[in-house]
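Here is what each chain is made of, one letter per residue.
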Amino acid sequence: MHKKLFIPGPVEIAPEILQAMATPMIGHRMPEYALLHGRVTSGLKQVMATRNRVFLATSSAFGVMEGAIRNLVKGRCVNFCNGAFSDKWHDVTLRCGKEADAVKVPWGAPITPELVERTLATGRYDSFTLIHNETSTGVMSPLPEIMAVAGRFPGIISIVDTVSSMSALPIPLDELGIDVCIFGVQKAFALPPGLAVFSASERALERAKTVEGRGYYFDFLEFSANDAKDNTPSTPCISLIYALDTQLQRFFSEGLEQRWARHRELAAYVAEWVRDRGFDFFVAEPYRSVTLTCVANNRGVNLKKLKGELGELGYAFDDGYGKLKGETFRIAHMGDLLLDELKEFISVIDRLLTTGE
Ligand SMILES: *Cc1c(COP(=O)(O)O)cnc(C)c1O
């Protein structure tokens, strides 16, 4: 039995997408691929509200997260950390042999513009990494305010992960001044895993030219040279790019604003349920994510048991990330999920909680 995914990634995939994945194969050096590539990258630019270059990388998000470090950090990088993925990005930065500092706040807290300002003003850094939506904790940091601060430090390259937020709310890259924005497609974009998308400003590409040891597979300059011919440096995951093409058409037929509104509605529904049932939020407003809700297990529910029971009924449930396992649970409401599907899932949880007590 397929368990319907309510975990924060990968998420449930629409049947049209799975079907698009079964499109007969083409060669990536054939004109057919260039057409597909051009159409997909221009659709992505619309979603990302950018005129910067947008690239397709065959990897999970961490491939490009590592690639961005190798391409852009020349001196010292600061990694803003408020959860598992941002902590990991610091580790990745060090493993790339770069000089880096982690600026940490407790899990559940946001990265604030004040913290970013204070940190960048030290003059120590030429780049920073930030996770917009920390999927491990359900925290969405205030990106517009952070980028307004970052804009006052034009020598510092901004590298922003939007894996679990891109397309769920407006993230206008050019207006915000984001140099490099990275996301994998298996979360907010609701595609199967294996493809990462990233944008790069001219400033970022100029920086890359001056950095040694960029490697090959994620060399931004290779991506740039190939993309100029609507192509990729090495053979891409063409099936997933077909899926992305179909998904972009689906975004535009739903309407981006409608997609944003749907996410707000889903988040509001879960928030009301959390309050009604006497649970606490792990994250304080206004930093609660619009794509997942991290709930504190203050009622002492046996989450492992609940997860098992939900699994038997055909629902995949998340009982907390890493050190938060058992203390919190996360309900994902991202991608193509509809309110009625969420209501069904929540009603099953309600039933199990009532009979289990
Ligand atoms: C899932 C996730 C990642 C890691 O993505 P992979 O595709 O597994 O490499 C990175 N950042 C955030 C915010 C995520 O949610």
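Residues numbered from 1 in each chain as written. Predicted model: local features only at pLDDT ≥ 70, side-chain atom pairs only at ≥ 80, totals over all residues. Heavy atoms only, no water.

A.B. asks: Break down the site of the ligand for me, citing the residues and quoting the values.
C.D. replies: Near the ligand, the surroundings consist of Ser-60, Ala-61, Phe-62, Met-65, Phe-85, Ile-131, Asn-133, Thr-135, Asp-161, Val-163, Gln-186 and Lys-187. Between the ligand and Asp-161 there is a distance of 2.6 Å, counted from a nitrogen atom to a side-chain nitrogen or oxygen. In this structure, an oxygen atom belonging to the ligand sits 2.7 Å away from a side-chain N or O atom of Gln-186. With three residues, the single largest contributor to the shell around the ligand is helix H3 (residues 61-72). Class assignment for the residues of the shell around the ligand results in six nonpolar, four polar and two charged. (Near = heavy atom within 4 Å. Polar contact = N/O pair within 3.5 Å; in protein donor to acceptor, adjacent residues only side chain to side chain. Helix = DSSP H or I, 4+ residues; strand = E, 2+ residues; numbered from the N terminus. Nonpolar A, V, L, I, M, F, W, Y, C, P; charged D, E, K, R; others polar.)

A.B. asks: Now, about the side chain of Thr-137: what can you tell me, with residues and values included?
C.D. replies: Relative to the assigned elements, Thr-137 resides in the loop between strand S6 (133-134) and strand S7 (139-140). Given a relative accessible area of 0%, Thr-137 falls into the buried group. If sequence neighbours within four positions are ignored, Thr-137 has contacts with Asn-82, Gly-83, Trp-107, Gly-108, Phe-282, Val-283, Cys-294 and Leu-324. (Buried < 20%, exposed > 50% of the residue type's maximum accessible area, 1.4 Å probe, protein only. Contact = heavy atoms within 4.5 Å.)

A.B. asks: Report on the domain arrangement of the chain, specifying residues and quantitative values.
C.D. replies: For interface size, the figure often reported is the accessible area lost on association. In terms of domains, the chain is made up of domain 1 (4-10 + 255-356) and domain 2 (15-252). Centre-to-centre separation of domain 1 and domain 2, based on C-alpha positions: 27 Å. Across the boundary between the two partners, domain 1 contributes 24 residues, which contact 30 residues of domain 2. Buried area between domain 1 and domain 2, both sides added, is near 2,300 Å², and the carbon and sulfur share of it is 65%. Three residues, Leu-256, Trp-260 and Tyr-287, lead the burial of domain 1 against domain 2; their summed loss comes to 25% of the area buried on that side. For the salt bridge of Arg-250 with Asp-336, the shortest nitrogen-to-oxygen distance reads 2.7 Å. Those elements that place two or more of their residues in the side of domain 1 that touches domain 2 are helix H11 (256-276) and strand S12 (292-296). Top contributing element to the side of domain 1 that touches domain 2 by residue count: H11, with four residues. Partitioning the side of domain 1 that touches domain 2 into residue classes produces 13 nonpolar, six polar and five charged. (Domains from an automatic or database assignment. Buried area = accessible area lost by both parts, 1.4 Å probe. Salt bridge = Lys/Arg side-chain N within 4 Å of Asp/Glu carboxyl O.)

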